[in-house]
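# Remarks on the overall topology
Listed below, chain by chain, are the residues.
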Amino acid sequence: MDLLTLSRFQFGMTAFYHFLFVPLTLGLALIIAILKTIYLKTKDKRYDNLAMFLMKLFAINFAVGVASGLTMEFQFGTNWFKYSVLVGDIFGAPLAIEGLMAFFLESTFIGLFLFGRDRVSDVVHTFSAWMVALGSTLSALWILIANSWMQTPAGYKLVESPHGVKAVLTDFFEAALNHSSIIRFLHTVDAGYIVGGFFVMGVMAYYLLKGKHVEIAKVGLKFALIFTAVVSILQIIFGDIHGYQVSNTQPLKMAMMEGKWETEKGASLDLLGVVDQEKQETRVILKIPYLLSILSYHDPNAEFKGIKDLVKEYQQKAQEASARIPVLEQKLKELEATNASQEEIQKVKDDLAMAKSQAKAYNITFNDLPSVATVYTTFHLMVYLGFFFVFVVIWGLILLKKGTLYTNKAFLWTVLLSIPLPFIASNLGWISAEIGRQPWLVQGVLLTKDGVSFHPTVNVLFSVIFFIVIYTLIYIVFLYAMVKAIKKGPDTSKSEPIPPYENPATVTAFSKVNNN
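Residues numbered from 1 in each chain as written. Predicted model: local features only at pLDDT ≥ 70, side-chain atom pairs only at ≥ 80, totals over all residues. Heavy atoms only, no water.

Counting secondary structure elements, the protein contains 17 helices and eight strands. In terms of its C-alpha atoms, the protein occupies a principal-axis envelope of roughly 90 × 70 × 45 Å. Burial analysis of the protein (516 residues in total) assigns 49% to the buried set. Restricting to contacts in the protein with at least 6 residues of sequence separation, those with at least 24 account for 78%. Split by element, the accessible area of the protein, about 24,600 Å² in all, is 66% carbon and sulfur. The protein carries 44 positive and 40 negative side-chain charges, and their two centres are separated by 10 Å. (Helix = DSSP H or I, 4+ residues; strand = E, 2+ residues; numbered from the N terminus. Buried < 20%, exposed > 50% of the residue type's maximum accessible area, 1.4 Å probe, protein only. Contact = heavy atoms within 4.5 Å. Areas by Shrake-Rupley, 256 points an atom, 1.4 Å probe, with all protein chains shown as cover. Lys, Arg positive; Asp, Glu negative; His and termini not counted. Charge placed at Lys NZ, Arg CZ, Asp CG, Glu CD.)

Structure (structure tokens):
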């Protein structure tokens, strides 16, 4: 493999490992906070014990997630130096805020929750749970703001610098709340809630099948089922809105997700198909007429542009940008010769920098496209799993109404064996989104092949092998710790208040004073 492929594989691999832990962090954090709130209101010790048990699992997951995530940010400087030079002034801000605000908020209150039970009031303990949930959510928000800016950049301009062209922030809120950040945040975080919900349902089902911790398991299964039903149905809504947004702001990505090579008016939704990238066609096995146009543009007769026409459009944009370059260069010379104002000169320089960037970024061919089959397959599998989750929770709600939820072995085994599926769905969604936005690192601004650092290929290969070995060992340790904690189960013993620490010497001194 060449340097670019190895660098992409390394980042993708580390991101894949890391994203195994992120959704569970988001889901468990909110579940724990709600359970603590229920306990605060009802004083039912089962909710408190369940929350403490889940927080132990959360802490294991959180620790490994931190360890797996640190290396990702370093890669922007090591493997993607040219990207960092171009957009570091913008991309670095949300990453810094995430680390300084969200991560430390989350970490601080995890400690208070785990070690503060019986040392602080129930109100403060519940508050700490909500702060953990807030911290994890804010962490996701800032990471997704950074990612969304790469997908749909806004609130910036390109300027010439001694180190080359750089992206400079012009409007923080426009950049942060760009075309896709809010819906991408809702879609991703809700996916984490589904992961957390199915995880808790699966663990509780395990206890019921084993006949262990039955009372807590019943409470946990019922709560997790209702919680997961809500977030699973919400995900269909968020997914539809997100698809509409992608169709309008990243049409090439959506065309690859749907395997559409030709432009169609009143486009069908192709449920099953086989993508042949060499022949530039998709052999459709099952489709629903007009549905893709309805979902993408809310119009059954809307035109859905195919990959072939979109590539031609981008090539036309590149030609138009190239044509502007000599015109702007000539205008810049004239302004400088006539001692025009710095504002006028800078405006032309900025336009020239943007034209040069677009001339290169939009000059793509079919060889620059990623594996359309991968984008198509991962996207469709994610969607199918999403509807499977809805089916499972509806089944569970029916059983709950009938009063057979806790004894129906078919359902209990289904949710137990389904624990990995939301993790898989989340990673499939991430893969389709990130591969689907290729060939750009920053949409319409920087091609992925132009963002990689200059390194000996053997160095990157060595780091890839090293990361695979270390990450695999970390994951094995994670699984061992999680399985051990789950087998042990929640601590149902009543906790007695722990008296505050007193220094014997201090007590003696005060006693003497009081005696006097």
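Enumeration according to the criterion identifies 17 salt bridges in this entry. A salt bridge links Asp48 to Lys45, with the shortest nitrogen-to-oxygen separation between them at 3.5 Å. Here the residue Asp48 and the residue Lys45 both occupy positions in helix α3 (residues 45–78), the gap between them amounting to three residues, near one helical turn. Relative accessible area serves as the criterion here: at 2%, Asp48 is assigned to the buried category. The exposure class of Lys45 is partly exposed, given its relative accessible area of 29%. One salt bridge connects Asp276 with Arg283, and the closest N-O pair in it is separated by 3.6 Å. Residue Asp276 is classed as buried on the basis of its relative accessible area, which comes to 18%. Beyond isolated ion pairs, a larger network of salt bridges with shared partners links Lys36, Lys45, Asp48 and Arg117. (Salt bridge = Lys/Arg side-chain N within 4 Å of Asp/Glu carboxyl O.)

Quick look at the confidence of the model for the protein now. In this model, the protein carries an average pLDDT of 88, and 95% of its residues clear a pLDDT of 70 or more. Averaged pLDDT values for the elements of the protein fall to 39 in helix α17 (residues 504–515) and rise to 96 in helix α14 (residues 409–417). Predicted confidence is poor over residues 495–516, with pLDDT under 50, and the contacts of this stretch with residues over four places away or in other chains come to seven contacts. (pLDDT = per-residue confidence, 0-100.)

A few words now on the side chain of Asn79. In this fold, Asn79 is placed in the loop between α3 and α4 (81–116). A distance of 3.1 Å separates the side chain of Asn79 from the side chain of Thr78, its partner in a polar contact. Beyond its immediate stretch of four places on either side in the chain, Asn79 contacts Ser7, Gln10, Gly451, Val452, Ser453, His455 and Val460. (Polar contact = N/O pair within 3.5 Å; in protein donor to acceptor, adjacent residues only side chain to side chain.)

Moving on: the nonpolar core. Core analysis: the largest hydrophobic core is formed by 106 residues, its most contacted members being Ile32, Leu54, Phe58, Phe199, Met204, Leu252 and Ile307. The element that contributes the greatest number of residues to this core is helix α7 (residues 181–210), accounting for 15 residues. The residues contacting Phe199, other than those within four sequence positions of it, are Leu24, Leu28, Leu57, Ile419, Met482 and Ile486. Of all hydrophobic cores here, the second largest spans 25 residues; its members include Trp149, Ala353, Val442 and Val464. (Core = buried A, V, L, I, M, F, W, Y, C linked by side-chain atoms within 4.5 Å.)

It is worth spelling out the environment of Gln315 at this point. Looking at the secondary structure, you find Gln315 in helix α11 (residues 307–337). Its relative accessible area of 27% is what places Gln315 among the partly exposed residues. For the pair Gln315 and Lys360, spaced 45 residues apart in sequence, the C-alpha to C-alpha distance is 9.7 Å. Those residues in contact with Gln315, other than ones at most four positions away along the chain, are Tyr362, Ile364 and Thr365.

Before going further, it helps to spend a moment on the packing of aromatic side chains. Within this structure, the stated rule accounts for 26 aromatic pairs. On the basis of an interplanar angle of 55° and a centroid distance of 5.6 Å, the ring pair of Tyr206 and Tyr207 is categorised as tilted. Here the two residues Tyr206 and Tyr207 agree in accessibility, since each one is buried. Members of the aromatic cluster, each reached through a chain of ring pairs, are Phe16, Tyr17, Phe462, Phe466, Phe467 and Tyr471. The ring of Tyr39 carries Lys43 above its face, with NZ or CZ at 5.4 Å from the centroid. (Phe/Tyr/Trp six-rings, centres within 6.5 Å; stacked < 30°, edge-to-face > 60°. Lys NZ or Arg CZ within 6 Å of the ring centre and 35° of its normal.)

Here we come to the environment of Gly266. Mapped onto the fold, Gly266 is located in the loop between β3 (264–265) and β4 (269–276). Residue class for Gly266 comes out buried when judged on its relative accessible area of 14%. As for Gly266 and Asn49, which are separated by 217 residues in sequence, their C-alpha atoms are 55 Å apart. Beyond its immediate stretch of four places on either side in the chain, Gly266 contacts Tyr290, Ser293, Pro300, Asn301 and Ala302.

A few words now on helix α16 (residues 457–488). Its 32 residues place the ends of α16 47 Å apart at the C-alpha level, agreeing with the 46 Å of an ideal helix rising 1.5 Å per residue. Taken together, the buried positions of α16 are occupied by Val460, Ser463, Val464, Phe467, Tyr471, Phe478, Met482, Ala485 and Ile486. Tucked inside the fold, the buried residues of α16 contact α1 (3–18), α2 (22–42), α3 and α7. Two residues or fewer past α16, Gly489 is found with a positive phi of approximately 80°. (Expected span 1.5 Å × (residues − 1).)

The omega torsion across Gln438 and Pro439 is 20°, close enough to zero to call that bond cis. Note on placement: Pro439 falls in the loop between α15 (420–436) and β7 (440–442). The phi angle at Tyr290 is positive, at roughly 70°, despite the residue not being glycine. For Tyr290, the location among the structural elements is in the loop between β5 (281–288) and α10 (291–297). A positive phi angle, near 55°, is found at Asn339, a position not held by glycine. Examined against the element boundaries, Asn339 turns out to sit in the loop between α11 and α12 (342–361). A relative accessible area of 68% places Asn339 in the exposed class.

Let us now look at helix α13 (residues 372–402). In a regular helix each residue adds 1.5 Å, so 31 residues correspond to 45 Å; α13 covers 46 Å between its end C-alpha atoms and thus fits that length. Immediately beyond the C-terminal end of α13, within one or two residues, lies Gly403, with a positive phi of roughly 85°.

To continue, consider the packing of α7 against α14. In contact at an axis separation of 7 Å, α7 and α14 are set at 135° when each is read in the N-to-C sense. Relative to α14, the element α7 is oriented oblique. The handedness of the crossing between α7 and α14 is left-handed. Contacts between α7 and α14 pair Phe198, Met201, Gly202, Ala205, Tyr206, Leu208 and Leu209 from the former with Lys409, Leu412, Trp413, Val415 and Leu416 from the latter. Taken together, the residues that form the contact of α7 with α14 break down as 10 nonpolar, one polar and one charged. (Axes fitted to C-alpha atoms, helices over the stretch in contact; angles between N-to-C directions. Parallel < 35°, antiparallel > 145°, perpendicular 65-115°, else oblique. Left-handed = near helix turned anticlockwise from the far one by under 90°. Nonpolar A, V, L, I, M, F, W, Y, C, P; charged D, E, K, R; others polar.)

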